Amino acid sequence: MITAEFNKLLNALTQLTDLQTKRLEKALKGENPAQIIINVLKQRLVTNPECPHCRSDRIKRNGKLNMMQRYRCNACSKTFNATTTSPLAKLHYKDKWLTYFSGM
């Protein structure tokens, strides 16, 4: 980027609202907060792979839905994902999860 254009950009940044500044920070970090939470929950299944319904360790991957890996249990045939049996199980709007946490 040309230095003059970059300086123009820096000057424009001072005119951003607080909401715009927060959105820019999120974009610059590259990973949205919901993805960070999902990664932590997925790690739970990596370290201790078991069905939340019957506690069997005979599980297999079963596609993805909304950025999340689905699993199927070979013992009870039920499907689940990393949030099943967690407080986030029925919550939609993953981009608002951090707001939910701050309210708890």
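Each value, and the rule that gives it
- Residues numbered from 1 in each chain as written.
- Predicted model: local features only at pLDDT ≥ 70, side-chain atom pairs only at ≥ 80, totals over all residues.
- Heavy atoms only, no water.
- Helix = DSSP H or I, 4+ residues; strand = E, 2+ residues; numbered from the N terminus.
- Buried < 20%, exposed > 50% of the residue type's maximum accessible area, 1.4 Å probe, protein only.
- Salt bridge = Lys/Arg side-chain N within 4 Å of Asp/Glu carboxyl O.
- Core = buried A, V, L, I, M, F, W, Y, C linked by side-chain atoms within 4.5 Å.
- Contact = heavy atoms within 4.5 Å.
- 1 Å grid on protein atoms, 1.4 Å probe; cavity = no way out; pocket = protein on both sides within 12 Å on 5 of 7 lines; lining within 4 Å.
- Points joined across faces, edges and corners; volume = space filled by probe spheres on them.
- Nonpolar A, V, L, I, M, F, W, Y, C, P; charged D, E, K, R; others polar.
- Pairing = 2+ DSSP bridges.
- Axes fitted to C-alpha atoms, helices over the stretch in contact; angles between N-to-C directions.
- pLDDT = per-residue confidence, 0-100.

Let us look at unusual backbone geometry. Of note, the phi angle at Ser77 is positive, near 65°, even though the residue is not glycine. Topologically, Ser77 is positioned in the loop between β2 (68-73) and β3 (79-81). You will see that Thr85, though not glycine, has its phi angle at about 70°, which is positive. Residue classification places Thr85 among the exposed residues on the basis of a relative accessible area of 57%.

Any two side chains of opposite charge can pair if their charged atoms end up close together. If you walk through the whole model with that rule in mind, you get one salt bridge. For the salt bridge of Glu50 with Arg55, the shortest nitrogen-to-oxygen distance reads 3.4 Å. The exposure class assigned to Glu50 is partly exposed, which follows from its relative accessible area of 23%.

Counting 12 residues, the largest nonpolar core is built from Ile37, Ile38, Leu41, Leu45, Cys51, Met68, Tyr71, Cys73, Phe80, Ala82, Leu88 and Trp97. Considering each element in turn, this core owes the most residues, four residues, to helix α3 (residues 33-47). Once residues lying within four places of it in the same chain are set aside, the contact partners of Trp97 are Ala34, Ile37, Ile38, Thr83, Leu88, Leu91 and His92.

Moving on to the layout of surface pockets. What the largest pocket holds in volume is close to 310 Å³. As for the largest pocket, its lining consists of 16 residues, of which Asn81, Ala89, Leu91, His92 and Lys94 are closest to the centre. Looking at the lining of the largest pocket residue by residue, the classes come out as seven nonpolar, six polar and three charged.

A sheet is described by the order of its strands in space; here three strands give the open sequence β1-β2-β3, paired in antiparallel fashion. Across the chains shown, the open sheet's two edge strands, defined by having one partner strand only, are β1 (59-65) and β3. Each adjacent strand pair in this sheet contributes to an overall mean axis angle of 35°, direction not counted. Sheet topology note: the β1/β2 ladder contains five bridges and is antiparallel. In the strand pairing of β2, Leu65 is matched with Met68.

Right, let's get into the confidence of the model for the protein chain. Of all residues in the protein chain, 96% have pLDDT values of 70 or greater, and the mean over the chain is 84. When the elements of the protein chain are averaged for pLDDT, helix α4 (residues 97-103) gives the smallest value, 75, and β3 the largest, 93.

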